[in-house]
Amino acid sequence: MKEDKATKIIRALLQSPKGFVTGSAMARDLSVSRVAIWGVMEKLREEGYEFDAIRNRGYRIRELPHNLSASYLNARLPFLAERSAIHVHDTLDSTNSEAERLLADGQKAPLVVIAKEQTKGRGRLGRIWESPREGNFYGSLAFRPRLNPSRMQPFTLWMGLTICRFLEEIGKLKPMLKWPNDIYCNGKKAVGILTEARMDADLIHELVLGIGINVSSAPDLTDAQPGGNQAVSLNEASGREISLNPFTVALLETLLEAYKVFHEDRYQEAFKRLWERYNLLQGKTVKARTGTAVINGIASHLRPDGALIIRHQAGETALVSGEVTLST
Amino acid sequence: MVENFNSFKFFPLDIKEVKELVDLMKRSDLTELEIEKEGMRVKISRGRAGQVNATTNFLPPEALPQGGGQETKQIPAPASSAPADDGVYIKSPMVGTFYRSPSPDSAVYVDADSKVNEKTVVCIIEAMKVMNEIQAEVKGVILEVLVENGQPVEFGQPLFKIKPA
């Protein structure tokens with residue numbers, strides 16, 4: 001693809017050993033005038049970049065934007081950028097819906113859809129994922145796995161555990177996964193995952209992994225769920241400010257790698273290790289609600305296909321779908 | 001009574017295999033057949049009314065006292081005794097919860113008399129927060145919706161009956 005000038009400039013600045021690139025070097029490399037370069041730099045400033053401009057040395061990035069920057073993501077993820085596979089929007093109904101539209105249009109997978117704001121962020125069964133503007137991650141990754149549906153079951157868990165590992169590695173966080181798809185930090189919800197697949201009996205044709213992460217702000221859910229789950233941002237939970245653009249690049253790289261490992265069926269060993277580390281429900285007394293029953297018992301272990309085994313007086317139940325809450 | 005939503009896992013044959021066996025039994029006029037697979041013994045017997053029972057022994061044969069540790073399962077009628085008609089079934093490709101609409105407030109994907117094609121999404125099966133949209137795979141008209149919204153479904157369980165166009 002023909003990359004835009006802003007992406008090329010950001011990449012040149014990020015790759016320059018001392019961080020400086022002169023305006024004339026940019027003009028030469030992009031085959032445009034100095035005036036055109038100034039125009040692009042001005043647009044980048046409007047996006048939230050701050051630059052040092054020093055005579056004889058050129059420009060240097062002083063501050064990255066607080067909000068997500070398409071130029072930054074494209075500059076740092078060339079393997080996606082060269083296929084025009086990163087779609088960044090100011091506002092979308094839902095990144096999962098947009099990703100599904102792109103797949104239906106025949107776009108090549110994998111692709112990434114990110115919105116700075118969602119108006120109809122989707123949770124399970126049409127519930128809303130509160131998506132306040134600015135500084136959070138609302139994104140979807142879309143794939144065409146062509147795997148048998150039976151292979152798919154542990155996918156959301158695997159990606160959730162991968163995100164837990166990622167969050168712990170960036171530091172100062174102790175994330176825990178609540179089976180099957182919520183991530184808690186400090187006992188409050190910080191990440192939600194919703195996977196949607198389109199399949200027939202033999203093959204999964206399309207797969208969309210939607211993730212919402214409260215990075216810098218969390219919705220106040222007190223009114224929506226009095227006494228229920230509360231939300232927290234990663235900044236609040238870690239006591240520091242996470243830079244959203246580098247965070248997003250590292251997250252996407254991690255998720256794409258984890259997808260690859262899953263697709264190649266090489267995830268089992270790491271899965272087991274991560275599950276032991278991040279399972280919020282281990283040995284806890286829980287209440288599980290399915291479409292037809294309420295089960296009270298102890299969260300025991302995981303079956304290889306990802307079903308949660310709950311022990312109770314009448315024996316064991318393998319939970320494949322439903323809601324699990326901690327009993328108090 | 002607590003349900004085991006995944007009893008199929010312990011049942012070494014899938015519905016299709018049972019149907020094949022039953023067809024074989026019908027052709028050769030057998031009333032009883034016993035096979036062993038994955039260390040489990042399965043006995044299928046066929047009564048006069050065309051009703052079929054399958055019995056599974058959960059233990060390896062040598063560990064099994066005569067007649068002990070058995071469980072009898074009723075095989076859903078369509079697999080064995082459906083009279084000849086033009087219906088085909090859309091079956092669940094996985095264990096999970098069956099939903100007829102994308103959200104509680106929205107209209108159902110399909111209903112009886114709905115026309116569908118191969119790509120039409122007919123329902124969602126949710127398992128571990130993967131919302132699996134199931135496609136019809138055949139062109140035709142829905143004759144019957146066989147599962148109620150929100151119910152757990154098993155692998156291979158018939159969900160819809162369709163008259164192919």
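Counting restarts for each chain: residues are numbered from 1 in the order of the written sequence. Note on labels: chains are lettered from A, ligands numbered from 1, in written order. A pLDDT threshold of at least 70 governs which residues receive local features in this predicted model, and a stricter bar of 80 or more applies before side-chain atom pairs are shown or counted, although totals over entire chains, interfaces and linings include all residues. Excluding hydrogens and water, the side-chain figures rest on all heavy atoms present in the structure.

Draft legend 1. Spatial organisation of the overall build of chain A. Helix and strand definitions here come from DSSP, where helices need a minimum of 4 consecutive H or I residues and strands a minimum of 2 consecutive E residues; each element is numbered from the N-terminal end. For chain A, the count of helices and strands is ten helices and 14 strands. In terms of overall size, chain A behaves like a compact globule, its C-alpha atoms giving a radius of gyration of 22 Å where 328 residues would be expected to give roughly 20 Å. Each principal axis of the C-alpha atoms in chain A carries an extent, and together these give about 80 × 45 × 35 Å. The classification of residues rests on relative accessible area computed with a 1.4 Å probe and restricted to protein chains. Under 20% of the type maximum is buried, over 50% is exposed, and intermediate values are partly exposed. By the burial criterion, 56% of the 328 residues in chain A qualify as buried. Whether two residues are in contact is decided by their heavy atoms: any pair within 4.5 Å suffices. Within chain A, counting contacts between residues at least 6 apart in sequence, those at least 24 apart form 62% of the total. Accessible areas in this description were obtained via Shrake-Rupley with a 1.4 Å probe; residue shielding takes into account the shown protein chains only. When the accessible surface of chain A is split by element, carbon and sulfur atoms take 48% of a total near 14,600 Å². Note that His is not counted, nor are the chain ends; the positive residues are Lys and Arg, and the negative ones are Asp and Glu. We put the charge of a Lys on NZ, of an Arg on CZ, of an Asp on CG and of a Glu on CD. With 44 positive and 38 negative side-chain charges, chain A shows a separation of 4 Å between the mean positions of the two kinds. Here the globule rule is a power law, 2.2 Å times the number of residues to the power 0.38, and the radius of gyration is based on C-alpha atoms.

Draft legend 2. Representation of the overall build of chain B within the structure. A tally of regular secondary structure across chain B gives two helices and twelve strands. Of the regular secondary structure in chain B, the N- to C-terminal order runs α-β-β-β-β-α-β-β-β-β-β-β-β-β. Scored against the burial criterion, the 165 residues of chain B give a buried share of 43%. Relative to all contacts within chain B whose residues are 6 or more apart in sequence, the contacts with residues 24 or more apart total 50%. When the accessible area of chain B is evaluated, it comes to approximately 8,700 Å², of which 50% is carbon and sulfur surface.

Draft legend 3. Representation of the packing of aromatic side chains. Residue and element names in this part refer to chain A. For Phe, Tyr and Trp, where Trp contributes only its six-membered ring, two rings pair if their centres lie within 6.5 Å, and the inter-plane angle classes them as stacked under 30 degrees, edge-to-face over 60, or tilted in between. In this structure the tally under the stated criterion is eleven aromatic pairs over all chains. Judged by centre distance (5.1 Å) and plane angle (70 degrees), the ring pair of Phe155 and Phe262 falls under edge-to-face. Of the two residues, Phe155 sits in helix 7 (residues 155-170) while Phe262 sits in helix 9 (residues 244-263), which places them 107 residues apart along the sequence. Each member of the pair Phe155 and Phe262 is classed as buried. Here a set of aromatic residues connected by ring pairs shows up, and it is made of Phe143, Phe155, Trp158, Tyr259, Phe262, Tyr267 and Phe271. We call a charge positioned above a ring when the Lys NZ or Arg CZ atom is no farther than 6 Å from the ring centre and deviates by at most 35 degrees from the ring normal. The cationic tip of Arg151 hangs over the ring face of Phe262; the distance from NZ or CZ to the ring centre is 5.8 Å.

Draft legend 4. Broad picture of the domain arrangement of chain A. Residue and element names in this part refer to chain A. Each domain span listed reflects an automatic or database assignment of domains. Taken domain by domain, chain A consists of domain 1 (5-63), domain 2 (70-278) and domain 3 (285-326). Residue-level contacts link nine residues of domain 2 with twelve residues of domain 3. The term buried area refers to how much accessible surface (probe radius 1.4 Å) is lost by two components on association, counted for both of them together. Taken together, both faces of the contact between domain 2 and domain 3 bury some 880 Å²; the carbon and sulfur share is 57%. Between N or O atoms, a polar contact is any pair within 3.5 Å; within protein, one atom must be a potential hydrogen donor and the other a potential acceptor, and residues adjacent in sequence are included only when both atoms are from side chains. Our enumeration of links across domain 2 and domain 3 arrives at two residue pairs in polar contact (both at pLDDT 80 or more). Lys, Arg, Asp and Glu make up the charged group, whereas Ala, Val, Leu, Ile, Met, Phe, Trp, Tyr, Cys and Pro make up the nonpolar group; the residues left over, Gly among them, are polar. Residues that form the side of domain 2 that touches domain 3 fall into these classes: five nonpolar, one polar and three charged.

Draft legend 5. Structural detail: the nonpolar core. Within the largest apolar cluster, 121 residues are counted, with the highest numbers of intra-cluster contacts made by Trp158(A), Trp179(A), Leu234(A) and Phe247(A). Element by element, the count of residues in this core is highest for helix 9 of chain A, at eleven residues. Take the buried residues of types Ala, Val, Leu, Ile, Met, Phe, Trp, Tyr and Cys, join any two whose side-chain atoms come within 4.5 Å, and each joined set is a nonpolar core.

Draft legend 6. Region of the structure containing the pattern of salt bridges. All names here are of chain A. Between Lys or Arg on one side and Asp or Glu on the other, a salt bridge is scored when a side-chain nitrogen of the former is within 4 Å of a carboxyl oxygen of the latter. Taken as a whole and assessed by the stated rule, the structure comprises 19 salt bridges over all chains. With a shortest N-O distance of 3.7 Å, Arg28 and Asp29 are connected by a salt bridge. Its relative accessible area of 60% is what places Arg28 among the exposed residues. When the shortest N-O distance is used, the salt bridge between Glu42 and Arg45 registers 3.3 Å. Of the two residues, Glu42 and Arg45 are both situated in helix 3 (residues 34-47); the distance of three residues between them amounts to about one turn of the helix. Put simply, Glu50, Asp52, Arg60 and Arg62 are held in one network by salt bridges that share partners.

Draft legend 7. Layout of the interface of chain A and chain B. Each partner contributes to the interface: chain A provides 37 residues, whereas chain B provides 29 residues. Interface of chain A and chain B: buried area, both sides summed, is about 3,000 Å²; carbon and sulfur atoms make up 57% of it. Scanning the region where chain A abuts chain B turns up one salt bridge. Residue Glu133(B) pairs with Arg198(A) through a salt bridge whose shortest N-O separation is 2.4 Å. When residues of the side of chain A that touches chain B are traced back to their parent elements, those giving at least two are helix 7, strand 8 (188-199) and strand 13 (315-319) of chain A. Broken down by element, the side of chain A that touches chain B gets its largest block of residues, six residues, from strand 8 of chain A. The pairing criterion for strands is at least two bridges between them, as found by DSSP. Where strand 8 of chain A meets strand 9 (residues 130-135) of chain B, five bridges bridge the pair, whose relative direction is parallel. Within strand 9 of chain B, the position partnered with Arg198(A) by the bridge is Glu133(B).

Draft legend 8. Highlighting the pairing of strand 9 (residues 204-213) of chain A. Residue and element names in this part refer to chain A. Counting buried positions over the ten residues of strand 9 gives ten, a clear majority of the element. Bridge analysis of strand 5 (residues 137-143) against strand 9 gives seven bridges, and the strand direction is antiparallel. Its bridge partner being in strand 9, Ser140 is matched across the sheet by Gly210. With nine bridges connecting them, strand 8 and strand 9 associate as antiparallel partners.

Draft legend 9. Fine view of the sheet that holds strand 14 (residues 323-326) of chain A. Residue and element names in this part refer to chain A. As summarised here, the arrangement of the five strands in space is 13-12-11-10-14, forming an open sheet in which the pairing is antiparallel. Looking at the sheet topology across the chains shown, the edges are occupied by strand 13 and strand 14. Strand-to-strand twist in this sheet, taken as the mean axis angle between neighbours without regard to direction, amounts to 45 degrees. As paired elements, strand 10 (residues 285-289) and strand 11 (residues 294-302) share five bridges and run antiparallel to each other. By the bridge assignment, Thr285 is partnered in strand 11 with Ile298. Orientation is described by axes fitted as lines to C-alpha atoms, over the contacting stretch for helices, and by angles from 0 to 180 degrees between their N-to-C directions.

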